[in-house]
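Each chain, written out:
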Amino acid sequence: MKLITFSVFIKLLIIQYLSVLCVSEDFDFFYFVQQWPGSYCDTKHSCCYPRTGKPAADFGIHGLWPQNKDGSYPQNCNRDSSLNEDQISDLTSSLQKDWPSLSCPSSTGFRFWSHEWEKHGTCAESEEIDQHGYFEAALKLKEKANLLQALKSAGIHALPVIYTAFFPRLKESLPSATASNNHGLRKKNMVQELNQTMDFMTWAA
Ligand code: 5GP
């Protein structure tokens, strides 16, 4: 079958393009990035279940990344700002569920969240967005985006992997989305990213 001729893509990143209303002058918008666990694991590098157990067959958050219109993005904006576990203690169980780390060795996820905070979150830090606000916003965005439902609406049910051939159907249920490879990720015949324009303030409210 033709579907099979498509390579399984290494990792499906759903990028959601979030316009930012005056949150910061240092970047233009956010990418909200979600990964499909089966795709992350279908790579040359191995993957490990989080210490909290096998993640649900659902997208997991990869990150919330400040971006510029020209394709550049700021990173590591405050090397003095490490993620403080106490700041996000009330979010930990939700983060373990919705933002699991699949890299090896198995972890609780805190190292992944710390990396994302240090590399990307520090560039979004502002009066409106502190560490707690950053992670809380990402969790809310995931809930509101409900990409698993979007897949189901497209007739695509939870699969270990997702094929590029499914993408046109996925777009039907996410009409505002556009495909993008602008993070230079892996293989040409894979759908790696989906950019969806959203209003950050509305979505994260
Ligand atoms: P990025 O720099 O692309 O924002 O984040 C990738 C970094 O997070 C890599 O160092 C990777 O090893 C680490 N990481 C830990 N867990 C995960 C995971 O589940 N998915 C991805 N993509 N990276 C992870």
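As recorded by UniProt, the Sequence similarities (unreviewed entry) comment attached to the protein chain reads in full: "Belongs to the RNase T2 family."

A. Focus on the overall build of the protein chain. Counting its secondary structure elements, the protein chain contains eight helices and five strands. When the helices and strands of the protein chain are placed in sequence order, the string is α-β-β-α-β-α-α-α-α-α-β-β-α. The buried share of the protein chain, reckoned over its 205 residues, is 49%. When contacts within the protein chain are restricted to residue pairs at least 6 apart in sequence, long-range pairs at least 24 apart make up 72% of them.

B. Molecular detail of the state of the cysteines. Throughout the structure, instances matching the rule amount to two disulfides. What pairs with C48 in a disulfide is C104, and their sulfur atoms sit 2.1 Å apart. Classification of the bridge connecting C48 and C104 rests on its S-S torsion, roughly 105°, and on that basis the disulfide is right-handed. Of this pair, C48 sits in the loop between α2 (37–41) and β3 (60–67) while C104 sits in the loop between α3 (92–98) and α4 (110–124), and the two are 56 residues apart along the sequence. Paired through a disulfide, C77 and C123 show a sulfur-sulfur distance of 2.0 Å. Sign of the S-S torsion, about 95° for the bond between C77 and C123, identifies this disulfide as right-handed. With C77 in the loop between β3 and α3 and C123 in helix α4, this pair connects stretches of sequence that are 46 residues apart. For C123, a relative accessible area of 4% gives the class buried.

C. Seen up close, the nonpolar core. Of all hydrophobic cores here, the largest spans 22 residues; its most connected members are L64, I88, L95, W99, W113, Y134 and F135. For this core, the secondary structure elements donating two or more residues are β2 (29–35), β3, α4 and α5 (131–145). The element contributing the most residues to this core is α5, with six residues. Among residues more than four places away in sequence, those in contact with F135 are L83, I88, L91, L95, W99, W113 and W117.

D. The site of the ligand, seen in detail. Taken together, 14 residues sit near the ligand, with S101, L102, H115, E116 and K119 positioned nearest. Between the ligand and the protein, one listed contact pairs a nitrogen atom with a side-chain N or O atom of Q35 at 2.9 Å. A distance of 3.2 Å separates an oxygen atom of the ligand from a polar atom in the side chain of H62. Looking at the shell around the ligand, the elements that each hand over two or more residues are β3 and α4. Among the residues forming the shell around the ligand, the class breakdown is five nonpolar, six polar and three charged.

E. Region of interest: the environment of A137. Take A137: it is sitting in helix α5. For the pair A137 and L64, spaced 73 residues apart in sequence, the C-alpha separation works out to 8.9 Å.

F. Looking closely at the pairing of β2. Taken across its seven residues, β2 has seven buried, putting it largely inside the fold. Inspection of the sheet shows β2 paired to β3 by seven bridges, in the antiparallel sense. Each residue of the ladder has a partner; that of Q34, found in β3, is I61.

G. Expanded view of α5. End to end, α5 covers 21 Å across 15 residues, agreeing with the expected 21 Å (1.5 Å per residue, within 8%). Among the 15 residues of α5, eleven are classified as buried, and the element is accordingly described as predominantly covered. Along α5, the residues that are buried comprise Q131, H132, G133, Y134, F135, A137, A138, L139, L141, K142 and A145. The opening residue of α5, the one whose side-chain oxygen lies 3.3 Å from the backbone nitrogen of H132, is D130. N146 occupies a position one or two residues after α5 and carries a positive phi of about 40°.

H. Molecular detail of the side chain of D58. Mapped onto the elements, D58 comes out in the loop between α2 and β3. The class of D58 is buried, set by a relative accessible area of 18%. Side-chain polar atoms of D58 contact the side chain of K142, separated by 2.9 Å. Residues contacting D58, with those up to four places away along its chain left out, are Q35, W36, P37, K142 and L148.

So, how was this worked out
- Residues numbered from 1 in each chain as written.
- Predicted model: local features only at pLDDT ≥ 70, side-chain atom pairs only at ≥ 80, totals over all residues.
- Heavy atoms only, no water.
- UniProt positions renumbered as here; feature names shortened; annotations may be inferred.
- Helix = DSSP H or I, 4+ residues; strand = E, 2+ residues; numbered from the N terminus.
- Buried < 20%, exposed > 50% of the residue type's maximum accessible area, 1.4 Å probe, protein only.
- Contact = heavy atoms within 4.5 Å.
- Disulfide = S-S within 2.5 Å.
- Core = buried A, V, L, I, M, F, W, Y, C linked by side-chain atoms within 4.5 Å.
- Near = heavy atom within 4 Å.
- Polar contact = N/O pair within 3.5 Å; in protein donor to acceptor, adjacent residues only side chain to side chain.
- Nonpolar A, V, L, I, M, F, W, Y, C, P; charged D, E, K, R; others polar.
- Pairing = 2+ DSSP bridges.
- Expected span 1.5 Å × (residues − 1).

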